[in-house]
Amino acid sequence: MKVEAKLEFQTSTAPKTGADLLIDLLIKEGVETIFGYPGGAVLPIYDAIYRAKDRIGHILFRHEQGMIHAAEGYARITGKPGVVLATSGPGATNLVTGITDAMMDSLPLVVFTGQVARSVIGTDAFQEADVMAITTPITKHNYQVQSIADLPRIVKEAFHIASTGRPGPVLVDLPKDITSGAVSGVVEEAAMDLPGYQPTYKPNPLQIKKLAESLAKAKKPVILAGAGILHAKASEELAAFAEKHNIPVVTTLLGLGTFPADNPLSLGMGGMHGTYAANMALYESDLLINFGARFDDRLTGNLKHFAPFAKVAHIDIDPAEIGKNVPTQIPIVADAKVALVELLNQAGDSPNAAEWLEKLREFKQDFPLWYKHDQNGMCPQWLIEAVHKVTNGEAIVSTDVGQHQMWAAQYYTFNEPHRWITSGGLGTMGFGFPAAIGAQIASPESTVVAIVGDAGFQMTLQELSVIYERNLPVKIIIVNNGALGMVRQWQELLYDNRISESLLNTQPDFVKLAESYGIRGMKIDNQEELIASLPELFAYNGPVLVDCRVLQQEKVFPMMPPGAGLHEMIGVKPV
């Protein structure tokens, strides 16, 4: 595929260096904000940013991991690639976790790394790292620029690849002599040359017809909605399809918000800590229609017991995902939105599933999510419900990974898409707070809440400097149980209560820590204090950190133990 694109520089004169050319190319791609951290190999680029500071924004983070997670949060909310800039060597290697996270969760990033000059690549020069070899398995594609003349094409291709098909991270490695080198003569027009990259958006009509026919015959249909619905911006079409045919909907962890939680057809989240109704629907269904979910192990449990009675239809823009984990009888390679429009246009009958819907309604009624109030402390589930209430369920919520993540997924219910940010595939501690910063940058008028654990927050808390410096009104809720909560839960349940290195006996004073950064902080020990304080804290026009001391022994239930099937959950009823 070749696509011509004329370069129209927004400067009054032609660029003088490769770095100037790069900045003009970024502006042409619509980039408004760079998430970056300077260093020796990218100084030419920062010099160009200085010259273009009235035309492009830059946010200085305090660690490369923080800034790439912020770029992920930005990408999750906007759907546009987050743009990251780091220096060579340790700057580039500090990005590896974030790049991997974005790859697993299909988030569009364009990552620019500095590199030593071409003449010394391979000599173990100062701050040299083979970033191409390091990132090949964790990027959708990567480049190392060998000529200034290639820069316009590479930048255009990088943004195109990152944001089309199944989104993902693309890395561009920039030797210092490329960015500091002079641009001579006329810069050639950029032409993408990607003959092997042609994502399929339109579904095979015969497969669509086959699915419509199977749906008409089904007695126990269920929809599984994944993040592919979000990337395709297909939530309205999903709701229309489900309601047209009266099909219940299960969402994945990353698919929360794709379908309104208050819709009677919603069964909630499926998987390890999903609802009983959702998991039993997946287990007992005779037709499972998967839109944009990859059947990961935390959703399916033991594959031998996953949807054993179902004909499986899988709609995904990435053909590699179809049939990878679960045998699929109706494979449909397509964009979820386009496929849903085609399905809505089919004239087929709706399934006769009244008994199925009634059974699932009874499951929802008889086996709801539950927790017990405790007079000795604050229940973390109640805390999430309180945050939901004070924000009217309309906040953008970002989480770290662990118990608090699952409680937020269970008890902060979403009726709109693009309000939920979490690390799903990689399960990255330290993700939640910087991702919330990126979300606030992406949506300045929105209420953004970072629900984090006391352990994960300490991995990227240095980014408190950024929210103070920019007066970003992110509200940080620390679900503080003095432990690596999910690790402790597994040790209690699966390792005969051998608690090994999962309790945090020494903690900072989080309130004083926040205040040392110039940020308002508050410690809350009980539910009465929270009820009294939360409305005012959320009304405050600025960043706030709230250290909420919750019950340490509380567990996430229900739970599908490792190796079990969806029908073998524990903690379904109060214990």
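Novice: How should the sheet that holds strand β18 (residues 475-480) be read in this particular structure?
Specialist: Hydrogen bonding along the main chain pairs the strands of a sheet, whether they run parallel or antiparallel. Pairing is parallel across the open sheet formed by six strands, whose spatial order is β16-β15-β17-β18-β20-β19. The outermost strands of the open sheet, each flanked by one partner alone, are β16 (420-421) and β19 (520-524). The sheet contact formed by strand β15 (residues 396-399) and β16 spans two bridges and is parallel. Within β16, the residue paired with Ser 398 across the bridge is Ile 421. Sheet strands touched by helix α16 (residues 380-390): β17 (448-453), β18 and β20 (544-549). Its angle to β18, the strand with the most contacts, is close to 165°. Across the face of the sheet, helix α23 (residues 527-539) comes into contact with β17, β18, β19 and β20 while running at roughly 165° to β19.

Novice: Would you take a moment to explain the sheet that holds strand β14 (residues 330-333) for this structure?
Specialist: In space, the six strands of this open sheet follow the order β11-β10-β9-β12-β13-β14, with parallel pairing throughout. Both outer strands of the open sheet, β11 (266-269) and β14, are each paired with one neighbouring strand and no more. The average undirected angle you get between the axes of adjacent strands in this sheet is 15°. Sheet topology places strand β10 (residues 249-251) next to β11; three bridges connect them, and they run parallel. Across the sheet, Val 249 pairs through a bridge with Ser 266, a residue of β11. Against the sheet, helix α11 (residues 235-245) makes contact with β9 (221-225), β10 and β12 (287-291), and its axis sits at roughly 170° relative to β9, the strand it touches most.

Novice: Quick question: what am I supposed to make of α11 here?
Specialist: The α-helix advances 3.6 residues per turn, and as a result positions three or four apart in sequence lie on the same side. Buried residues of α11: Ser 235, Glu 237, Leu 238, Ala 239, Phe 241, Ala 242 and His 245, and no others. For α11, the elements touching its buried residues are α9 (205-217), β9, α10 (227-231), β10, β12 and α14 (336-344). Two residues or fewer after α11 comes Asn 246, characterised by a positive phi angle close to 60°.

Novice: What am I meant to see in helix α1 (residues 18-28) here?
Specialist: Among the 11 residues that make up α1, 10 are buried, leaving the element largely enclosed by the rest of the structure. Within the sequence span of α1, burial applies to Gly 18, Ala 19, Asp 20, Leu 21, Leu 22, Ile 23, Asp 24, Leu 25, Leu 26 and Ile 27. Summarising the contacts, the buried residues of α1 are in contact with β2 (33-36), α2 (43-51), β5 (109-115), α7 (151-163), β7 (169-175) and α8 (176-180). Positive backbone phi, at 85°, marks Gly 30, one or two positions downstream of α1.

Novice: Can you walk me through the pattern of salt bridges in this structure?
Specialist: Working definition: two side chains of opposite charge can pair if their charged atoms are close together. One pass over the structure, following the stated rule, counts 19 salt bridges. A salt bridge links Arg 51 to Asp 47; its shortest N-O distance comes to 2.7 Å. Here Asp 47 and Arg 51 lie together in helix α2, a separation of four residues that amounts to about one turn. We note a salt bridge from Arg 361 to Glu 358, for which the minimum N-O separation is 2.6 Å. Residue Arg 361 and its partner Glu 358 are both found in helix α15 (residues 354-366); the two are separated by three residues, about one turn of the helix. For Glu 358, a relative accessible area of 33% puts it in the partly exposed group. Within this structure, Arg 166, Asp 318, Glu 321 and Lys 324 form a network of salt bridges that share partners.

Novice: What should I look at first to understand the packing of aromatic side chains in this one?
Specialist: For the structure shown, the criterion picks out 14 aromatic pairs. Pairing Tyr 412 with Phe 414 gives two aromatic rings, centres 5.1 Å apart and planes at 40°, and the pair type is tilted. Of the residues examined, Tyr 412 reaches a relative accessible area of 0% and is grouped as buried. On the basis of relative accessibility, which here comes to 4%, the residue Phe 414 falls in the buried class. Site record: aromatic cluster; members linked through ring pairs are Phe 35, Phe 61 and Tyr 74. One residue, Arg 520, lies across the ring of Tyr 540, its end atom 5.0 Å from the ring centre.

Reading the values: rules and limits
Position numbers for residues count from 1 along each chain, tracking the sequence in the order it is written. Whole-chain, interface and lining totals are the exception, using all residues; otherwise, since this is a predicted model, local features are given only for residues with pLDDT of at least 70 and side-chain atom pairs are given and counted only at 80 or more. Only hydrogens and water are removed before side-chain values are computed, so all heavy atoms of the structure are retained for them. Between any two strands, pairing holds if DSSP finds at least two bridges. By definition, any uninterrupted DSSP run of H or I lasting at least four residues is a helix, any uninterrupted run of E lasting at least two residues is a strand, and each is numbered from the N terminus. Contact between two residues is taken to exist if any of their heavy atoms lie within 4.5 Å; hydrogens are not considered. Every axis in this analysis is a line fitted to C-alpha atoms, fitted for helices over the stretch in contact. Angles between the N-to-C directions lie between 0 and 180 degrees. Between buried and exposed lies partly exposed: a residue is buried under 20% and exposed over 50% of the maximum accessible area for its type, with that area taken using a 1.4 Å probe on protein chains only. The salt bridge criterion pairs a side-chain nitrogen of Lys or Arg with a carboxyl oxygen of Asp or Glu, the two atoms within 4 Å. Planes of paired rings set the category: under 30 degrees apart is stacked, over 60 is edge-to-face and the rest tilted, where pairs are Phe, Tyr or Trp rings (Trp by its six-membered ring) whose centres lie within 6.5 Å. As a reminder, the over-ring test applies to NZ of lysine and CZ of arginine, requiring each to be within 6 Å of the ring centre and within 35 degrees of the ring normal.

From the geometry alone we can't say anything about function, so treat these as descriptive.
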